[in-house]
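Residues per chain, in single letters:
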Amino acid sequence: MDPVTWRLGDLTVNRIGFGAMRLPQQGTAFDPHARPRDRAQAIEVLRTAVELGVNHVDTAAFYFSATRSANELINSALSPYPADLVITTKVGPSRTPQGEWLPLATPEQLRGQVEENLRQLGRDHLDVVNLRVSGLDDVSAHFEQLAGLRQEGLVRHLGLSNVRPHHLDQAQRIAPVVCVQNSYGLGHHPDQDDFLGVCGERGVAFVPFFALAGANKEAGTSAEDDEVTAIAAAHDATPAQVRLAWTLARGPHVLVIPGTGDPAHLRQNVEAGQLVLTPEELTRLDALHLNGN
Ligand SMILES: NC(=O)c1ccc[n+]([C@@H]2O[C@H](COP(=O)([O-])OP(=O)(O)OC[C@H]3O[C@@H](n4cnc5c(N)ncnc54)[C@H](OP(=O)(O)O)[C@@H]3O)[C@@H](O)[C@H]2O)c1
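Rules behind the numbers
- Residues numbered from 1 in each chain as written.
- Predicted model: local features only at pLDDT ≥ 70, side-chain atom pairs only at ≥ 80, totals over all residues.
- Heavy atoms only, no water.
- Pairing = 2+ DSSP bridges.
- Helix = DSSP H or I, 4+ residues; strand = E, 2+ residues; numbered from the N terminus.
- Near = heavy atom within 4 Å.
- Polar contact = N/O pair within 3.5 Å; in protein donor to acceptor, adjacent residues only side chain to side chain.
- Areas by Shrake-Rupley, 256 points an atom, 1.4 Å probe, with all protein chains shown as cover.
- Contact = heavy atoms within 4.5 Å.
- Salt bridge = Lys/Arg side-chain N within 4 Å of Asp/Glu carboxyl O.
- Buried < 20%, exposed > 50% of the residue type's maximum accessible area, 1.4 Å probe, protein only.

Novice: Even after reading the chapter, I still don't get the sheet that holds strand β4 (residues 56–58), so can you show me in this structure?
Specialist: Each strand in a sheet pairs with its neighbour through backbone hydrogen bonds, running either in the same direction (parallel) or in the opposite one (antiparallel). Ordered in space as β3-β4-β5-β6-β7-β8-β9, the 7 strands form an open sheet in which the pairing is parallel. Each edge of the open sheet carries a strand with a single partner, namely β3 (18–19) and β9 (205–206). With 3 bridges joining them, β4 and strand β5 (residues 86–91) adopt parallel strand pairing. Among the inter-strand pairings, His56 is bridged to a residue of β5, identified as Val86.

Right, here's the structure in full:
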């Protein structure tokens with residue numbers, strides 16, 4: 001069985017992490033009409049995640065709804081932070097207080113975004129900061145800024161998000177990259193398979209988002225595939241657990257960060273680490289994956 005942990009630089013994380021994007025609101029993230037999530041429930045989910053052994057939490061300052069902020073919830077629920085907790089945040093995008101998206105940050109604006117995360121999380125340094133790229137062909141100027149903040153000690157490790165292989169080349173010429181966070185899952189972006197392999201060869205973690213939600217961005221909004229349902233039934237597991245187990249089986253450097261505001265789903269997601277799919281099941285799922293979008 002694949003190892004249960006991976007190293008992000010000098011930090012060891014369990015391969016099943018948690019994504020905080022769904023915490024500030026119910027329903028679709030960034031929907032201006034989404035109902036803010038019950039505060040006590042969000043706090044409970046975060047604390048339960050840590051109790052269950054999750055020590056890799058993905059967040060961003062731009063994960064907020066009208067009255068809830070993912071970073072504030074993480075701070076309130078988990079500080080003083082356990083020594084082994086790794087919080088990964090991302091910079092590049094930002095939103096106005098009303099929630100509208102702003103253009104990608106300039107390299108000079110990244111310091112302010114890092115500092116905003118420090119304030120909200122109540123920390124003196126950030127464990128991992130991903131540069132989330134959108135519409136940028138060359139990340140060098142942005143990554144150089146983050147490398148400078150790393151040198152200053154504000155950031156411990158750097159990663160990339162929403163990138164293509166040439167972005168990783170550009171960034172690695174400037175500073176070490178510990179992770180790549182891209183949209184990927186069973187039947188979702190099989191075009192990422194080669195890049196996932198490249199990351200593995202270079203010792204860079206590949207951290208898919210939408211491993212459950214896929215192209216729909218909302219799990220449960222479309223009928224589950226018969227093959228996934230059948231394999232889940234054979235293991236007395238849920239389709240979501242099969243999706244996570246398949247994703248983890250893509251390589252020891254693949255980490256998952258499923259997002260949920262539901263304590264029962266959280267437990268299932270952590271338990272997916274115990275689910276071992278047979279080679280024959282993996283072959284069936286691989287075929288399904290390659291027919292995806
Ligand atoms: N770098 C980027 O650009 C980027 C973009 C998007 C997201 N992210 C990160 O990636 C994380 C994961 O993305 P995501 O949360 O959008 O998608 P996801 O983890 O693929 O799926 C989340 C959806 O699946 C449901 N779900 C979770 N566990 C379930 C289970 N055991 N059974 C059934 N349904 C389940 C959730 O609903 P319930 O709440 O009802 O469980 C939610 O609708 C985010 O939280 C965020 O930290 C990064």
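Novice: Please clarify how the site of the ligand should be interpreted in this entry.
Specialist: Neighbouring residues of the ligand: 28 residues in total, closest Asp58, Arg132, Ser161, Thr260 and His265. One of the backbone N or O atoms of Gly19 is found 3.3 Å from an oxygen atom in the ligand. Here the ligand has 900 Å² of accessible area as a free molecule, and 89% of this is covered by the chains.

Novice: Please explain the environment of Arg111 as it appears in this structure.
Specialist: Checked against the element boundaries, Arg111 lands in helix α3 (residues 110–121). A C-alpha to C-alpha distance of 7.3 Å links Arg111 and Leu149, two positions 38 residues apart in sequence. Those residues in contact with Arg111 that sit more than four places away from it in its chain are Leu149, Glu152 and Leu154.

Novice: Please explain the pattern of salt bridges as it appears in this structure.
Specialist: It is possible for side chains of opposite charge to pair when their charged atoms get near one another. For the coordinates displayed, the defined rule picks out 12 salt bridges. Between Asp137 and Arg164 there is a salt bridge, and its shortest N-O distance comes to 3.8 Å. Taken together, the residues span a long stretch of sequence, with Asp137 in the loop between β6 (126–132) and α4 (140–152) and Arg164 in the loop between β7 (155–161) and α5 (165–172) at a distance of 27 residues. On the accessibility criterion, Asp137 (52% relative accessible area) is exposed. Glu224 is the partner of Arg243 in a salt bridge, and the nearest nitrogen-oxygen pair spans 2.8 Å.

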